Amino acid sequence: MSASTTYGLGSRPRLKMVAVETKLFLRDSATVLFGVLFPAGFLLGLGAVPALREPTPETGGLRAIDVWAPTALVFGMVMIAVQHVPAVIATYRERAVLRRLSTTPASPRSVLLAQMVVAFASVVVSATLLVLVAWAVLDIAPPERPLEFVVAFVVGYAALLGIGMISAAVVRTSSAANQVGTVLFVALMFFGGAFLPRV
């Protein structure tokens, strides 16, 4: 078997690994709820308040829900990249999963790559759901420049994932990963304007 067959993304072993990681992800109800579904639900909750659907001069004529939409989008990205991924990797390390896999054809590299694929897919689903709900229910216009939006989305997620991977490389236990992830989550959301969103 060639190296490309063993490590190629389109190979059958790799697809099986992605399928396994997807099942494990879906079993994590907290991550599915807060990382995938909560951003759209949060925006819907804000939209249920009549005052937040009225334009205000302070926001340049925008509605509060228009201002909060990007923040809701980032919420899901940070939740997955900074909290979920490091916790999973730390759990694998704590339980010696990666060490055991190093002695089998399913290398630790393939597991980590599968985890990255599943995490990115979940963020894409979260963002797509948010954009569709915002447009169909709250009359929030989709991105006017889709290509630039996609580029910013991918680059932004990559930056957040980089922070998450640094955290995963430092912490040694799942509990420590959760604690560090929570601190990073609050810090990133604060400096990203979650508490005081601005136009």
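Residues numbered from 1 in each chain as written. Predicted model: local features only at pLDDT ≥ 70, side-chain atom pairs only at ≥ 80, totals over all residues. Heavy atoms only, no water.

**Q** Would you mind going over the pattern of salt bridges with me for this structure?
**A** Opposite charge on two side chains permits pairing when their charged atoms draw close. Here the structure, examined in full by the defined rule, presents two salt bridges. Here Arg63 makes a salt bridge to Asp66, at a shortest N to O gap of 3.0 Å. Arg63 gets classed as buried once you look at its relative accessible area, which sits at 13%. The salt bridge involving Glu148 is made with Arg145; its shortest N-O contact spans 3.6 Å. Arg145 gets classed as exposed once you look at its relative accessible area, which sits at 57%. (Salt bridge = Lys/Arg side-chain N within 4 Å of Asp/Glu carboxyl O. Buried < 20%, exposed > 50% of the residue type's maximum accessible area, 1.4 Å probe, protein only.)

**Q** In this structure, what is going on with the nonpolar core? I would like to understand it.
**A** Note on soluble globular proteins: their nonpolar side chains tend to be buried together. Residues Leu43, Met77, Ile140 and Tyr157 are the most contacted members of the largest nonpolar core, which totals 46 residues. Mapped onto this core, the elements with two or more residues apiece are helix H2 (12-27), helix H3 (29-47), helix H4 (64-94), helix H5 (97-101), helix H6 (108-136), helix H7 (146-170) and helix H8 (174-191). (Core = buried A, V, L, I, M, F, W, Y, C linked by side-chain atoms within 4.5 Å. Helix = DSSP H or I, 4+ residues; strand = E, 2+ residues; numbered from the N terminus.)

**Q** Looking at this structure, how should I read H7?
**A** Quick reminder: α-helices carry 3.6 residues per turn. Residues three or four places apart thus point the same way. Across its 25 residues, H7 extends 36 Å between first and last C-alpha, which sits within 8% of the 36 Å expected from 1.5 Å per residue. Where the residues of H7 are buried, they touch H4, H6 and H8. (Expected span 1.5 Å × (residues − 1). Contact = heavy atoms within 4.5 Å.)

**Q** Quick question: what am I supposed to make of unusual backbone geometry here?
**A** In this structure, Ala96 is a non-glycine residue whose phi angle is positive, near 60°. Note on placement: Ala96 falls in the loop between H4 and H5. Of note, the phi angle at Asp139 is positive, near 60°, even though the residue is not glycine. Structurally, Asp139 is set in the loop between H6 and H7.

**Q** Even after reading the chapter, I still don't get a nonpolar patch on the surface, so can you show me in this structure?
**A** Nonpolar side chains collect at one region of the surface, where Leu33, Phe34, Leu37 and Leu129 lie side by side and expose about 320 Å² of accessible area between them. It is H3 that provides the largest number of residues to the nonpolar patch, a total of three residues. Checked against the element boundaries, Leu129 lands in helix H6. (Patch = residues over 30% accessible without salt bridge, like charges linked within 9 Å, V, L, I, M, F, W, Y side chains within 5 Å. Areas by Shrake-Rupley, 256 points an atom, 1.4 Å probe, with all protein chains shown as cover.)

**Q** Help me out: how do you make sense of the environment of Val18 in this one?
**A** Structurally, Val18 is set in helix H2. The exposure class of Val18 is buried, given its relative accessible area of 16%. Separated by 96 residues in the primary sequence, Val18 and Ala114 have C-alpha atoms spaced 4.7 Å apart. In this structure Val18 touches Ala114, Val117 and Val118, once residues within four positions along its chain are discounted.

**Q** Can you help me understand the confidence of the model for the protein in this one?
**A** Detailed conclusions should not be drawn from predicted coordinates in areas where pLDDT is low. Overall, the prediction assigns the protein a mean pLDDT of 87, with 92% of residues at 70 or greater. When pLDDT is averaged over each helix and strand of the protein, the minimum, 43, is found for helix H1 (residues 3-7) and the maximum, 94, for H7. For the stretch residues 1-10, pLDDT sits under 50, and the model shows 14 contacts to residues farther than four places along the chain or on other chains. (pLDDT = per-residue confidence, 0-100.)

**Q** Please explain the packing of aromatic side chains as it appears in this structure.
**A** Any two aromatic rings considered together are summarised by their centre-to-centre distance and by the angle between their planes. What the rule picks out here adds up to eight aromatic pairs. Within the aromatic cluster, the residues linked to one another by ring pairs are Phe34, Phe38, Phe42, Trp68, Phe75 and Phe185. (Phe/Tyr/Trp six-rings, centres within 6.5 Å; stacked < 30°, edge-to-face > 60°.)

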